[in-house]
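Reading the structure
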Amino acid sequence: MRTPLYEAHLAAGGRMVDFSGWEMPVQYSGILDEHQSVRESAGVFDVSHMGEFFVSGPGSVAWLDGLLTNKVASLKPGNAHYSLLLNERGGVIDDLLVYRLGAEEFLLVVNASMIEEDAGWMKGRLGEGVVFENRSAEFAALAVQGPASGKVFEKLFGCPMPEDRNRVLEIEEGFVVTTGYTGEKGFEWVFPSAEAPCAWRQVLESGVKPCGLGARDTLRLEKCYPLNGSDLSPDHTPLEAGLGFFVDFTKPDFVGKEALVAQKAAGVPRRLSALEGIGKSPPLRPHYPVFVHGVRVAETTSGAHSPSLGRGIAMAYLPVEFSQPGQEVEIEVRGKKFRACVRKKPLYQKAP
Amino acid sequence: MNVPANLRYAESHEWILVEGDTGTVGITDHAQAELTDIVFAEPPVLGKSLRAGDVAAVIESVKVASDIYSPVTGEVLARNEAIEHSPALLNTDPFGAGWIFKIRLTNPAELDALKDPAAYRAQIEE
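Bear in mind the structure is a predicted one, so any value in this text is a computation, not a measurement. (Residues numbered from 1 in each chain as written. Chains lettered and ligands numbered in written order. Predicted model: local features only at pLDDT ≥ 70, side-chain atom pairs only at ≥ 80, totals over all residues.)

Moving on, we come to the sheet that holds strand β2 (residues 14–19) of chain B. All names here are of chain B. Strand order in the open sheet formed by 6 strands is β1-β2-β3-β9-β8-β5, and the pairing between neighbours is antiparallel. The open sheet is flanked by β1 (8–9) and β5 (49–50), the only strands paired with a single partner. Of the strand pairs in this sheet, strand β8 (residues 74–79) and strand β9 (residues 101–105) are connected by 5 bridges, and their pairing is antiparallel. Bridging across to β9, Ala78 finds its partner in Lys102. (Pairing = 2+ DSSP bridges. Helix = DSSP H or I, 4+ residues; strand = E, 2+ residues; numbered from the N terminus.)

As structure tokens, then:
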């Protein structure tokens, strides 16, 4: 599959790779260069492959609150929040953003690889007085990220970018929300697919660097934002993933609540932990074995070379007794063990 | 793309500079451009015996890990420690400061199996 910006990516020198069935740019000028641009000025990512579900109707708040972990009822119109869709065992099906557009109107932005599965799951549990529409094919989206993104926002929309994160603005034929996946200031702009080439051109003309999936991955991993399919899976709960903040236990019920309550009572067996290489450290990659005192205890779920730290970084579900910051581990890379250390999340924090 | 005339090339994108019975090995400009930002390099240990086609070294870009093969059979005479500390040399100067190892050739006839600059250029321009 291709986003409406496929030709534009080629024209901008994008190297295309397969990303869960989508032909997406992994990089243009280079991952390190793009990474640095987002940390220091601004970069733009094509996120058109992500899915857009519209939910409306008098039953929508109660229905969403019964399916998602975060509390939609306390989300004010014009705001967005991060939430999770769980299975009955409390495992993560998907992580998503919920935009509250009105009292009974919501936009859900879900992962590209999960559009069909999420839609099937949600439609299979459709509530009274709820209209659910999967309109993923109709929309394209751009994420503009970096300290200079406010200037780009003003140029595009003629008003200052909201200072706070998670603010939703409805604009002509689209939505802008101050969210992102890089740890920098920025916004995500969702609009009809036909507008994509024009929107892309406008953003590039305001001096923003095109960035690919490679930089998106290094930027998010430095901030320890989980990637579904790698760090999140149906076999791990949000409590294990360190996402308890996005689970509202005060809600009477939601799919997976019972399992989470039981896990909370019994104690979480593993925690998604942040790892940083010590000394000479090769880039880390997913599925590298992790050892403590010579015993294999986990494997990395994500891994990369951190451009900001200049070292290998990774995440892994470590047994809780080995998940404290300062814990030394070894990570096996091509049959050789390299030292690494559990760090407090996030791995990268901008100097104040 | 730079393809120096005084080198011979392996299909797997290594170059070798032969002086007497010593060969200096590195990766080509084309290879470094394809791999992009190189952030880790592990040249072979001194004295290691390699056969033509053996994995001699590993380099990793931000994106991917790549095996570097020895284009010839012989013994490792020198390893470039500079690339361990500054892997980016492989990107900025692949035919110079970014060399990976030197090898004593035991079978110079193997050089005939490698590509000349014209043949290598044809391969990468395909």
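Here the focus is the interface of chain B and chain A. Counting residues at the interface gives 8 residues for chain B and 11 residues for chain A. Counted by class, the side of chain B that touches chain A contains 4 nonpolar, 1 polar and 3 charged residues. (Contact = placed C-beta atoms within 7 Å. Nonpolar A, V, L, I, M, F, W, Y, C, P; charged D, E, K, R; others polar.)

Most peptide bonds are trans, and most residues other than glycine sit at a negative phi. Cis rather than trans, the peptide bond between Lys345(A) and Pro346(A) has omega equal to -5°. Topologically, Pro346(A) is positioned in the segment after β19 (336–343). One non-glycine residue, Thr36(B), lies in the positive phi region at around 65°. Within the element layout of this structure, Thr36(B) appears in the loop between α1 (29–35) and β4 (38–42). Among the residues examined, Thr36(B) registers 21 C-beta atoms within 10 Å and is labelled buried. (Buried ≥ 20, exposed ≤ 12 C-beta atoms within 10 Å, placed from the backbone.)

For the rest of this paragraph, the subject is helix α3 (residues 60–67) of chain A. All names here are of chain A. Judged by how many residues are buried, α3 sits mostly within the fold: 6 of 8 residues are covered. Buried residues of α3: Ser60, Val61, Trp63, Leu64, Asp65 and Leu67, and no others. Packed against the buried residues of α3 are β4 (51–56), β5 (79–86), β7 (105–110) and α4 (115–123).

Here the focus is the sheet that holds strand β12 (residues 186–192) of chain A. Residue and element names in this part refer to chain A. Spatial ordering of the open sheet is given by β10-β11-β12-β9-β3-β13, a layout of 6 strands whose pairing is mixed. Unpaired on one side and paired on the other, β10 (168–171) and β13 (209–210) mark the two borders of the sheet. Taken together, the 7 bridges between strand β9 (residues 139–145) and β12 define a ladder with antiparallel strand orientation. Of the residues in β12, the one forming a bridge with Phe139 is Pro192. On the sheet, helix α2 (residues 31–40) packs against β3 (43–46), β9 and β13 and is oriented at approximately 115° with respect to β3. (Axes fitted to C-alpha atoms, helices over the stretch in contact; angles between N-to-C directions.)

Residues and elements named next belong to chain A. According to the domain assignment, chain A consists of domain 1 (6–48 + 137–222) and domain 2 (269–343). Once you take the C-alpha centre of each, domain 1 and domain 2 turn out to be 30 Å apart. Contacts between the two partners involve 8 residues from domain 1 and, on the opposite side, 6 residues from domain 2. Considering only residue class, the side of domain 1 that touches domain 2 consists of 2 nonpolar, 3 polar and 3 charged. (Domains from an automatic or database assignment.)

Attention now goes to the environment of Ser113(A). Residues and elements named next belong to chain A. Inspection of the secondary structure assignment puts Ser113 in the loop between β7 and α4. Separated by 64 residues in sequence, Ser113 and His49 place their C-alpha atoms 8.6 Å apart. In this structure, Ser113 is in contact with Ser20 and Gly229, ignoring residues within four places of it in sequence.

Bringing the pairing of β2(B) into the picture now. Residues and elements named next belong to chain B. Where β1 meets β2, 2 bridges bridge the pair, whose relative direction is antiparallel. Looking at the pairing, Arg8 lines up with Ile16 of β2. In textbook terms, the turn of a hairpin is the stretch between consecutive antiparallel strands, and for β1 and β2 this stretch comprises 4 residues, one of which, His13, has a positive phi near 75°. With 6 bridges connecting them, β2 and strand β3 (residues 22–27) associate as antiparallel partners. The residue of β3 that forms the bridge with Leu17 is Thr24. Once β2 ends, the chain turns through 2 residues before running back antiparallel as β3, passing Gly20 with a positive phi of about 65°.

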